[in-house]
Amino acid sequence: MKLHLFSGSGFAWRIQLACELKGIPYDAAYMQPSQENLKAPAFVELSPRGKVPAIEDGALALSESLAIMAYLDAVHPERPLFGTTAEETGRIWQKCLDFDLYVSADFIPNIIAPILQGRALDESDHVKRGAEIAHTELAKIEADVAASGWIVGDNVSAADVTLYTMIEPVLRFGTKPEVLKLNLGFDTFAGRYPKLQNWRQKIQDLPEYEATYPVYWREVDQQMAAAS
Ligand SMILES: N[C@@H](CCC(=O)N[C@@H](CS)C(=O)NCC(=O)O)C(=O)O
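Since we're looking at a predicted model, the values are computed, not measured.

Undergrad: What's the story with the overall build of the protein in this structure? I'm lost.
TA: Looking only at helices and strands, one finds 10 helices and four strands in the protein. The N-to-C order of helical and strand elements in the protein reads β-α-β-α-α-β-β-α-α-α-α-α-α-α. Against the compact-globule benchmark of 17 Å for 228 residues, the protein has a radius of gyration of 18 Å, which places it among compact chains. By its C-alpha atoms, the protein is 50 × 45 × 35 Å across when sized along the principal axes.

Undergrad: Got a minute to help me understand helix H4 (residues 65-75) in this structure?
TA: Each turn of an α-helix holds 3.6 residues, which means side chains three or four residues apart point in the same direction. Buried residues of H4: Ser65, Leu66, Ile68, Met69, Leu72 and Asp73, and no others. Down the axis of H4, the buried side of the element spans an arc of 160 degrees, and every buried residue falls inside it. In this structure, the buried residues of H4 make contact with helix H1 (10-22), strand S3 (54-57), strand S4 (60-63), helix H5 (86-116) and helix H7 (158-174).

Undergrad: Is there a simple way to explain the site of the ligand in this structure?
TA: Every residue close to the ligand is listed here: Phe6, Ser9, Phe11, Gln35, Leu38, Lys39, Lys51, Val52, Pro53, Glu64 and Ser65. In this structure, an oxygen atom belonging to the ligand sits 2.6 Å away from a side-chain N or O atom of lysine 51. Isolated, the ligand exposes 510 Å² of accessible area, and the fraction of that covered by the protein chains is 77%. More than half of the atoms of the ligand fall within 2 Å of the grid points belonging to the largest pocket. Counted by class, the shell around the ligand contains five nonpolar, three polar and three charged residues.

Undergrad: What is the right way to read the pairing of S4 from this model?
TA: Walk down a regular strand and you will see the side chains alternate between the two sheet faces. The pairing of S3 with S4 spans four bridges and is antiparallel. Bridge pairing in S4 places aspartate 57 opposite leucine 60. Following S3, the chain reverses through two residues before pairing antiparallel with S4; glycine 58 in that reversal takes a positive phi of roughly 60 degrees.

Undergrad: How do you make sense of the packing of aromatic side chains when you look at a structure like this?
TA: Under the counting rule described, the total for this entry stands at 11 aromatic pairs. With a centroid separation of 5.6 Å and an interplanar angle of 75 degrees, the aromatic rings of tryptophan 13 and tyrosine 164 are classed as edge-to-face. Here tryptophan 13, found in helix H1, pairs with tyrosine 164, found in helix H7; they are 151 residues apart in sequence, far enough to count as distant. Relative accessible area serves as the criterion here: at 1%, tryptophan 13 is assigned to the buried category. With a relative accessible area of 0%, tyrosine 164 lands in the buried category. One aromatic cluster is present, built from ring pairs that chain together Trp13, Tyr164, Phe173, Trp199, Tyr209, Tyr213 and Trp217.

Undergrad: What should I look at first to understand the side chain of serine 63 in this one?
TA: Its place among the elements puts serine 63 in strand S4. Overall, the relative accessible area of 17% leaves serine 63 in the buried class.

Undergrad: Help me understand the nonpolar core in this model?
TA: Nonpolar side chains in soluble globular proteins generally cluster together in the buried interior. Within the largest apolar cluster, 61 residues are counted, with the highest numbers of intra-cluster contacts made by Phe107, Ile151, Phe186, Leu196 and Trp199. Mapped by element, the contributors of at least two residues to this core are strand S1 (2-5), H1, H4, H5, helix H6 (124-143), H7 and helix H9 (194-204). At 10 residues, the largest contribution of residues to this core is made by H7. Among all residues touching phenylalanine 107, those that are not within four sequence positions of it are Ile112, Ala134, Leu138, Met166, Ile167 and Val170. Ranked by size, the runner-up nonpolar core spans six residues in total, among them Leu38, Phe43, Leu46 and Val52.

Undergrad: Would you mind going over the side chain of aspartate 160 with me for this structure?
TA: You can see aspartate 160 is positioned in helix H7. Buried charged residue aspartate 160 carries no salt bridge. Nearest counter-charge: lysine 202, at 8.4 Å. Among the polar contacts listed, one links the side chain of aspartate 160 to the backbone nitrogen of isoleucine 151, at a separation of 2.9 Å.

Undergrad: Mind showing me how you'd approach the layout of surface pockets here?
TA: One water molecule sets the probe size; rolling that probe over the atoms shows where empty space is left. Within this model, the largest pocket holds a volume of roughly 1,500 Å³. Along its surface, the largest pocket is lined by 46 residues, and Phe6, Gly8, Ser9, Gly10 and Leu116 are the ones closest to its centre. Among the secondary structure elements, those contributing two or more residues to the lining of the largest pocket are H1, helix H2 (35-38), H4, H5, H7 and helix H10 (215-227). Of the residues that constitute the lining of the largest pocket, the class distribution is 22 nonpolar, 14 polar and 10 charged. In this structure, the lining of the largest pocket is formed jointly by two domains, domain 1 (2-75) and domain 2 (86-227), each of which donates at least three residues. Considered as a void within the structure, the second largest pocket measures approximately 190 Å³ in volume. Forming the walls of the second largest pocket are Arg91, Gln94, Lys95, Asp98, Phe99, Glu137, Lys140, Ile141, Asp144 and Val152.

Calculation notes
Residues numbered from 1 in each chain as written. Predicted model: local features only at pLDDT ≥ 70, side-chain atom pairs only at ≥ 80, totals over all residues. Heavy atoms only, no water. Helix = DSSP H or I, 4+ residues; strand = E, 2+ residues; numbered from the N terminus. Rg over C-alpha atoms; globule rule 2.2 N^0.38 Å. Buried < 20%, exposed > 50% of the residue type's maximum accessible area, 1.4 Å probe, protein only. Arc of directions from axis to C-beta. Contact = heavy atoms within 4.5 Å. Near = heavy atom within 4 Å. Polar contact = N/O pair within 3.5 Å; in protein donor to acceptor, adjacent residues only side chain to side chain. Areas by Shrake-Rupley, 256 points an atom, 1.4 Å probe, with all protein chains shown as cover. 1 Å grid on protein atoms, 1.4 Å probe; cavity = no way out; pocket = protein on both sides within 12 Å on 5 of 7 lines; lining within 4 Å. Sits in = over half its atoms within 2 Å of the grid points. Nonpolar A, V, L, I, M, F, W, Y, C, P; charged D, E, K, R; others polar. Pairing = 2+ DSSP bridges. Phe/Tyr/Trp six-rings, centres within 6.5 Å; stacked < 30°, edge-to-face > 60°. Core = buried A, V, L, I, M, F, W, Y, C linked by side-chain atoms within 4.5 Å. Lys, Arg positive; Asp, Glu negative; His and termini not counted. Salt bridge = Lys/Arg side-chain N within 4 Å of Asp/Glu carboxyl O. Points joined across faces, edges and corners; volume = space filled by probe spheres on them. Domains from an automatic or database assignment.

Below, the structure is given as structure tokens:
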């Protein structure tokens, strides 16, 4: 199987995590995230909206991270990511869709994109409002973490993978030194959301996690560590 991605894409990170957790081998086809590459006809044939991730598995080309995770879970049923009972499957899908349709709809355009594109300080009211909505959503998620510490049920599932790969970019970019002055409240995440902090740690402690950490993030981390 070939996975088309660029490093730092949270949506592609989902597929890397899913593959590692399930032990599915794949070839990572990294691309530069330019519009020229993403909207090239050959890539649009694989991913009609010209977005990563996309996979090629034999004759099948598939895009949309949730669809790819569901496909992989159906082809490789061991270590299920979408539950083992009908109820669990429904609850996991509910969370995945809730995170994608509502939470990510705030995180990406209101927080991550303005910071990444260097316009957060110019659009501070917009970003602060985005952070307020984010905290309302995070508080709801915190209150709903399962007794096991996972989002649904007793095991890591697609709901954890879906949420984790959205929360990490918000925490990484929302705590950049230049945006701290906006007081977005992400630097106090651990104290504010202890269950979610514990949940982050559970994911980071998974033996499969390390191999999925975005290559580009690791390079930047190493440069920053060397400079300090
Ligand atoms: N709903 C899609 C979202 C994919 C997505 O937005 N990917 C971003 C990278 S994180 C992308 O390829 N953006 C490039 C573009 O939109 O031109 C999924 O779940 O796979």
